[in-house]
Amino acid sequence: MTVSDWAGSVSDWREVLEGLRAFIAPAFKRSEQRVSAGAFIDGLLCGVERKTGWMLAEEAGLERPYRIQSLLGRSSWSADALCERVRSYTIEALGDPDGVLVVDETGFLKKGVHSVGVGRQYSGTAGRIENCQTGVFAAYASRWGHALIDRQLYLPKTWANDPERRAKTHVPEDVMFATKPAIACEMVARFLDEGAPCAFVLADAVYGSDHRFRRMLEDRDQPYVLAVRSNHTLRFLEEWALVQSDPATMISELPTEAWQPLSAGEGSKGQRLYDWAWVPLRYQTAEGFSRWLLARRGLRDPQNIAYYFAHARTGTTLAELAAAAGLRWTVEECFLRAKDDLGLDHCEARSWHGWHRHMSLVMAVAAFLTRVTADQRRAAYGKRNETSPRRQTATA
């Protein structure tokens, strides 16, 4: 193997890009839409700073942005059909028995009040309450890479209960108010119904603290590691007495020797090392499964402790759960790359379908880049999966 082999400089990325175009083509009803989508994709891959209609049109050699703007607004095609194809394309590239599904939300800062779902709400992007939209996303991560595979705009109650604003932004009649965990439930169920390999589902405390989200996963015998707040109420029956506690109290009662030094996986600066501890939770589970409370403690600051609920097959080790918990960062990297490089947060469309179309097209380009990287990794390590060949043509 030469340097060019493992560096990926001999990779035929144009062939992979054409394969993506062909694979997502059936999501568009007309040839003109497919041409416009191709121009949109090319524009996202180019070096223009803002991925706006005018800039993408100029990059495509068009005099006006009409065709680009029509793709997101006036034309008739299903963003959900495109998202489904992107998900299939990504899982084919990254699918692995040890792969994980990560759920998280991200904010899109806005100045006006007319874009669908915009309002004063907490934005993790800004770290405070801001005027923004919030989208719930799912990402898939494996040894071959990670990419976003699903998305839905969170519609606050002020929007969900306002017929006038719903009509102006074309919110579908069947879209009602749903909490972020409820949206995540639908996403995860859809993913699992498609039969993709998933060793663990991961999410932060917004989702880990929701008992309906956890119960949905447990009912499917799906392992998970979900962050939870330190003061989350826990109730147990001990000798016919109801005992109430919380994660912080339970972990504080552990002896010093209960903590183990383990890695949460490799980061940009090497292995991310922490002390870990766990406590079995005596809740009823399906046969062959167990539940635990996990804690991760910083080495430099022992008071910095994160807590998790874990559900997995009996016999799963603390090291396995710690490694799974450490993979939640992959969705943050997906957001960072998609926003910084592909314009995920440059959406100009104000409508419901315009937002979902923009996000789905950006996710398609991110999936292409992830596939190029995955192919390079398989080739470099001699582990290409011949049972899952690359699709270069569209399927029905």
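See the structure shown above.
Residues numbered from 1 in each chain as written. Predicted model: local features only at pLDDT ≥ 70, side-chain atom pairs only at ≥ 80, totals over all residues. Heavy atoms only, no water.

S.K.: If you had to explain the pattern of salt bridges to someone new, which residues and values would you point to?
M.R.: Scanning the entire structure with this criterion turns up 20 salt bridges. Asp96 is the salt-bridge partner of Arg143, the closest N and O atoms lying 3.1 Å from each other. Here Arg143 is found in the loop between strand S3 (128-142) and strand S4 (145-153), whereas its partner Asp96 is found in the loop between helix H6 (79-94) and strand S1 (100-109), with 47 residues between them in sequence. One salt bridge in this structure joins Arg212 and Asp210, with 3.5 Å as the shortest N-O distance. Ionic contacts of the salt-bridge type, sharing partners, join the residues Asp80, Arg87, Asp150, Arg151, Arg190 and Glu194 into one network. (Salt bridge = Lys/Arg side-chain N within 4 Å of Asp/Glu carboxyl O. Helix = DSSP H or I, 4+ residues; strand = E, 2+ residues; numbered from the N terminus.)

S.K.: Run through the nonpolar core, naming residues and quoting values.
M.R.: Counting residues in each nonpolar core, the largest one holds 77 residues, and the members touching the most others are Phe28, Leu148, Phe200, Val225, Trp276 and Leu361. No other element matches the twelve residues that helix H15 (residues 352-381) contributes to this core. Contacts of Leu361, omitting those with residues within four sequence positions, involve Phe28, Ala37, Phe40, Leu44, Leu71, Leu72, Trp77 and Leu82. Membership of the second largest hydrophobic core comes to 43 residues, among which are Val103, Val188, Val228 and Ala277. (Core = buried A, V, L, I, M, F, W, Y, C linked by side-chain atoms within 4.5 Å. Buried < 20%, exposed > 50% of the residue type's maximum accessible area, 1.4 Å probe, protein only. Contact = heavy atoms within 4.5 Å.)

S.K.: Outline unusual backbone geometry, listing residues and values.
M.R.: Non-glycine residue His170 carries a positive phi angle of around 60°. The backbone of Asp221 shows a phi angle near 55°, a positive value even though the residue is not glycine. Tracing the sequence through the fold places Asp221 in the loop between helix H11 (211-219) and strand S6 (224-228).

S.K.: Before we move on, could you go through the packing of helix H3 (residues 31-45) against H15 and cite the residues and values that matter?
M.R.: Contact pair H3 / H15: the axes reach a minimum separation of 10 Å and the direction vectors enclose 60°. Seen from above, H3 lies across H15 with right-handed handedness. Two secondary-structure elements touch here, H3 through Ala37, Phe40, Ile41, Leu44 and Leu45 and H15 through His358, Leu361, Val362, Val365, Phe368 and Leu369. In terms of residue class, the contact of H3 with H15 is built from ten nonpolar, one polar and no charged. (Axes fitted to C-alpha atoms, helices over the stretch in contact; angles between N-to-C directions. Left-handed = near helix turned anticlockwise from the far one by under 90°. Nonpolar A, V, L, I, M, F, W, Y, C, P; charged D, E, K, R; others polar.)

S.K.: Lay out H11 in plain terms, naming residues and giving numbers.
M.R.: The set of residues buried in H11 consists of Phe213, Arg214, Met216, Leu217 and Glu218. Check the buried side of H11 and you find it contacts helix H9 (180-193), strand S5 (200-203), helix H10 (205-208), S6, strand S11 (289-297) and strand S12 (305-313). Two to three positions downstream of the cap, the backbone nitrogen of Arg212 sits 3.2 Å from a side-chain oxygen, assigning the N-cap of H11 to Asp210. Just past H11, the residue Asp221 takes up positive phi, approximately 55°. (Polar contact = N/O pair within 3.5 Å; in protein donor to acceptor, adjacent residues only side chain to side chain.)

S.K.: Please set out helix H14 (residues 329-342) residue by residue, giving values where relevant.
M.R.: The terminal C-alpha atoms of H14 lie 19 Å apart, and with 14 residues this matches the ideal 20 Å at 1.5 Å per residue to within 8%. Along H14, the residues that are buried comprise Thr330, Val331, Cys334, Phe335, Ala338, Lys339 and Leu342. Buried residues of H14, viewed axially, fall in a sector of 165°; they line one side. Away from its buried face, by an angle of more than 90 degrees, H14 presents the exposed residues Asp340 and Asp341. Looking at the buried positions of H14, the neighbouring elements they touch are H3, S1, S3, S4 and H15. (Expected span 1.5 Å × (residues − 1). Arc of directions from axis to C-beta.)

S.K.: Lay out the environment of Val365 in plain terms, naming residues and giving numbers.
M.R.: With respect to the helices and strands, Val365 occurs in helix H15. Separated by 336 residues in the primary sequence, Val365 and Lys29 place their C-alpha atoms 20 Å from one another. Apart from residues no more than four positions distant in its own chain, Val365 is found in contact with Ile41, Leu44, Leu45 and Leu342.

Keep in mind these numbers describe shape, not what the thing actually does.
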